Structures are given as C-alpha cells and as structure tokens.
Amino acid sequence: MTGTTEALGGSAAVDDAARSVTRPFYVYAVLANSLFQRGVFVLFLYQRGFSAGQVALLQTLLYLVSGLAELPTGVIADRIGRRASIVIGQVLIAGCLLGQVAFSNYWVFLALFIGQGVGMACVSGSDTALLYDLLVRRGATASYIKIKSRFTMFGTVTSGVAIVLGGQLQQFSWGVVYVGSAGCLVLAVVVLMSRVPEIRGADAVDEQDGAEEEHGDATAWRAMLRVATPALVTLVVVSGLMHATLTPYIIFTQKTLSDQGAGTALVSVVIAAGFFAGGLTPLLSDRANRRMGYRVIVPVSLMTLAAALGLSGLGLVWVTIAAFLVLVGIPEITAVIVDNVFNEAVPSRHRASLLSMIAFVESALIGIGYLVLGALMDGLGSSVGMATYAAVPLLACLLWLPVLFRGARVTTEIEKPADQKAS
C-alpha cells in the first residue's frame, strides 16, 4: 500500500513539474503563431506590384536561406543558449515584418525575406531542444509526446484563427495586419524571457545522468556520425519527404480548389478548417504512439497523403475538400511522434545543432517540393499535377519498408539516459 502511495505521489510530482515547464510554452505557442499575414501575404505582395515570378522567388529564397542557416544557427543555439537563439530569431522576424509594410522596393524585400529566413532558422530546432531538455531536467520526458502534441495544437489552431482574423484586419489596413503580427512575436519573446529558463548544450548534458560522459568533447558533426544509424538517416529522409508533400499540398490546395470552381470565400474557410484539423489531431499522438508506434504510423501517413493527392486529381471540388479536411491532420500526428524519436536519438550537448541539421534536410526537400509541384501543376493542370505528385509520398513509403519489416534500430544505446537503459 505504501509503495502504491509513493508511486502515485511520484507521478503527481512529475505531472506538476511538467506543468511548470509547459504552461509558458503553451502561451508562447499561441503568441508566436498569431501571424495575421500568413493567409493573405500573397495578396499583399501582389498589391505591392510584384509579379507571380517575383513572389515565387521570394518564397523560394525564404526556404533556401532558412535551410542553409539551420546548421550555423543550431551550433550557435547550443553555444549561447536555446532561449537566446529563439529570442534573436523572433525579434528578427518581427523586424522583417515591419520592414515589409514600411517599404515597397523589391530589392529591399529580397533582403527582408533573407532576414526572415535566418530568423526562422534561429527558432527551428531551438524551441524543441529547449522544451525537451527542460523536461529532462524535471524528469518528465515520458510526457513529451503528449506535451508536444498540445504545443502543436495550440500553435496550429492559433494559426487558423489568425488566418481568419488577418482577412478581417486587412480591411482596415495592411499596417494593422503586419504590426499586429510583429507585436505578438515581441510578446512571445517577453514570455520566454520572463518565464522560461535558459539552457545551453553544456548545461543540458549534465542532466542526462552521464549518458554523454564517454563523448563529452565530441563536436556536433562527430555526434551526428555517432548517432546516424541507417534507420535514423532513413527516418530523416522519409520525414523530410513527408513534409515536402504536406506543406506544398496545403498551400497549392488553394489554387486547386479555385481551379475546380470554389470561390475565394469557400477556399479561405476550407484552408482555415484544415489548420484547425491539423491542430486538433496531434492530440491523438500519444495514443497512436502507444498503439502503433512510429514504424507503422509513418507509412500510414504517407499512404494518406498519396490518397489525398490522388483524390484531388479527380477534379471534383467537394471530393478535394473532403479529402483535404479528413486526411490533412494525420501527418501532423506522425510529425509529433517522429519529433520525439529524433529527440531521443540525439545527445543533449548537441541537440539544437543536430535537430537543425534534420530541419535543414526538411527545408531543402520542402523547397524542392514547391518547385516540383508548381511545375507539375503548371504543365499538367492543378488537378492532374496534384495526382502526379502522389509519387513522392509513395517513394518515401518504399524507402521506409526495410525499416518497417527488418525492425532496424533508429537509436543507439549510447545516447540513452542511464535510467532509460535500465528500463
């Protein structure tokens, strides 16, 4: 009886510790995703007088710079601190948003989008590394999938609300839209600075119960080579291909629906509803992880994406809408589960650096995905182009089959904390 009481007390203590870590992160997720320009920025760029080619170049440049900056910003985050990297990134993004509403010269916009890409890279990898290592410090990593799913839910649902509000705020002025977004990012920084403690790579490793003692002096590159099992490398590529399918799919669905006869109002409602679906479904991540695990959920998500793209190719607007709303959330479940696998696989000392390397692969593949899907839709038409792009998730599924059937290991024993080894 006493043992049961102690166990319950320990579990309650862990839950309290997790809540103390996650509450400010949830507030941060809401503020950092209150980007009112996200759903209307293309219209803003057109009103600035930019051509379709110029807009496409800005978007490609944004992802290219973000991907290239992932590696150095990840190393910086491990050296100066994960919170500091997030703060620098969000302030830089906020400044670039203010610059976009203040200037109209295309060359200035090129510079601003480069700065915004660097800011995105500063945040990417650092936020996950900071959250995970704070949970390590409190002994609450077992709750990470549940916590990350809620973090994702708050962010994605907020994005959906912001898209709707952005269209309404634009009726007043573009300044309200962009200044409002920048203001929310600044508030997100204030929450981090006041409520979230700093962690550097050297600080985080001390929390891992000696898991890094044998390799405490390793560089990030050596650490990557040490943990890069064939299964982990495959997971990075497959996850990147999944994101390279999902992200362009969400964006280009707007054009597909328009070409199939949907009005602008209906398109905006469908896209906003897709964000809500993508925000709520990650709440099922913990259950999906316990029942299926990442080995099974990865191919399920890939086949889901292929089915959604194929159904969009039928050219029937309501079929496209139904496929989008029903299927778009499933890969978001997988993204949370895979993120947990990555965090478990990499050592704390270089966590931000290694996660940034993974994000670099994803960003590069997303950028290529935009170009490929855009070319397919221009050459074959929006519906047929979507259906043809289903080859990408099918290819990723084929790459994953050896890991699925051979039971190949993603993580190695050396990165596991001592308590996980014992278990």
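Residues numbered from 1 in each chain as written. Predicted model: local features only at pLDDT ≥ 70, side-chain atom pairs only at ≥ 80, totals over all residues. Heavy atoms only, no water.

So the rule is basically this: UniProt positions are given in the numbering used here, feature names are shortened, and annotations may be inferred rather than shown by experiment.
Going by an unreviewed UniProt entry, the chain carries the name MFS transporter and comes from Streptomyces plumbiresistens. The UniProt entry for the chain carries this comment under Subcellular location (unreviewed entry): "Cell membrane".

1. Thoughts on the overall build of the chain
Rules: A helix here means a DSSP run of H or I that spans at least four residues, while a strand means a run of E at least two residues long, and both kinds are numbered starting from the N terminus. Using a 1.4 Å probe on the protein chains alone, a residue whose accessible area is under 20% of its type maximum counts as buried, one over 50% counts as exposed, and one in between counts as partly exposed. Contact definition: two residues touch when any of their heavy atoms are within 4.5 Å. Residue exposure ignores everything except the shown protein chains as possible cover, and the areas themselves are Shrake-Rupley values with a 1.4 Å probe.
In terms of helices and strands, the chain carries 20 helices and zero strands. For the chain, buried positions account for 54% of its 423 residues. Pairs at least 24 residues apart make up 88% of the contacts formed inside the chain by residues separated by at least 6 positions. For the chain, the exposed surface amounts to about 17900 Å²; the carbon and sulfur share of it is 65%.

2. Considering the pattern of salt bridges
The cut-off we apply is this: Basic side-chain nitrogens of Lys or Arg form a salt bridge, by our definition, when they fall within 4 Å of a carboxyl oxygen of Asp or Glu.
This structure, assessed with the given rule, holds three salt bridges. Linking Asp133 and Arg82 is a salt bridge whose minimum nitrogen-to-oxygen distance equals 2.6 Å. One end of the pair, Asp133, is in helix 6 (residues 126-138); the other, Arg82, is in helix 4 (residues 82-102), and 51 residues separate them in sequence. Here Asp133 and Arg82 have matching classes, each one buried. Residues Arg290 and Asp286 are paired through a salt bridge, measuring 3.3 Å at the closest nitrogen-oxygen approach. Of this pair, Arg290 and Asp286 both sit in helix 13 (residues 285-291), four residues apart, which is roughly one turn of the helix.

3. Description of the packing of helix 4 against helix 5 (residues 106-123)
Packed helix pairs are characterised by how far apart their axes lie and by the angle those axes make with each other. Test applied: Between N-to-C directions, angles cover 0 to 180 degrees, with each direction set by a line fitted to C-alpha atoms, over the stretch in contact for helices. Each angle gets one of four labels, with under 35 degrees taken as roughly parallel, over 145 as roughly antiparallel, 65 to 115 as roughly perpendicular, and the rest as oblique. Two helices that cross are described as forming a left-handed crossing if the nearer one is turned anticlockwise from the farther one by less than a right angle, and a right-handed crossing if clockwise.
Put simply, helix 4 and helix 5 touch, their axes get as near as 7 Å, and they point 155 degrees apart. Considering their axes alone, helix 4 and helix 5 lie roughly antiparallel with respect to each other. When you trace helix 4 past helix 5, the crossing you get is left-handed. Taken together, the residues of helix 5 that come into contact with helix 4 (itself represented by Ser85, Ile86, Ile88, Gly89, Gln90, Leu92, Ile93, Cys96, Leu97, Gly99 and Gln100) are Phe109, Leu112, Phe113, Gly115, Gln116, Val118, Gly119, Met120, Cys122 and Val123.

4. Re empty space enclosed by the protein
Put simply, the test is: Cavity: a set of points on a 1 Å grid over the protein atoms alone where a 1.4 Å probe fits but cannot get out. Pocket: an open set with protein on both sides within 12 Å along at least five of seven lines, its lining residues, like those of a cavity, having an atom within 4 Å of a point. Grid points are joined across faces, edges and corners, and a volume is the space filled by probe spheres set on the points. When residues are sorted by character, Ala, Val, Leu, Ile, Met, Phe, Trp, Tyr, Cys and Pro go into the nonpolar class, Asp, Glu, Lys and Arg into the charged class, and all the rest, Gly among them, into the polar class.
Under the criterion given, the structure shown has one cavity of 30 Å³ or more. There is about 40 Å³ of room inside the largest cavity. Along its surface, the largest cavity is lined by Leu235, Val238, Ser239, Met242, Val298, Leu302, Thr334 and Val338. Put simply, the parts of the chain that give the lining of the largest cavity at least two residues each are helix 11 (230-259), helix 14 (294-312) and helix 16 (330-345). No other element matches the four residues that helix 11 contributes to the lining of the largest cavity. Class assignment of the residues belonging to the lining of the largest cavity gives a composition of six nonpolar, two polar and no charged.

5. Focus on the nonpolar core
The following threshold applies: As used in this record, nonpolar core signifies buried Ala, Val, Leu, Ile, Met, Phe, Trp, Tyr and Cys residues forming a set joined through side-chain atoms within 4.5 Å.
If you look at the biggest cluster of nonpolar residues, it comprises 57 residues, and the most contacted ones within it are Tyr249 and Phe342. Those elements giving two or more residues to this core turn out to be helix 11, helix 12 (264-280), helix 14, helix 15 (317-327), helix 16, helix 17 (351-380), helix 18 (382-389) and helix 19 (391-406). In terms of residue count, the dominant contributor to this core is helix 11 (13 residues). Sequence-distant contacts of Phe342, defined by excluding residues within four places in its chain, comprise Leu232, Leu235, Val236, Ser239, Leu355, Ile358 and Glu362.

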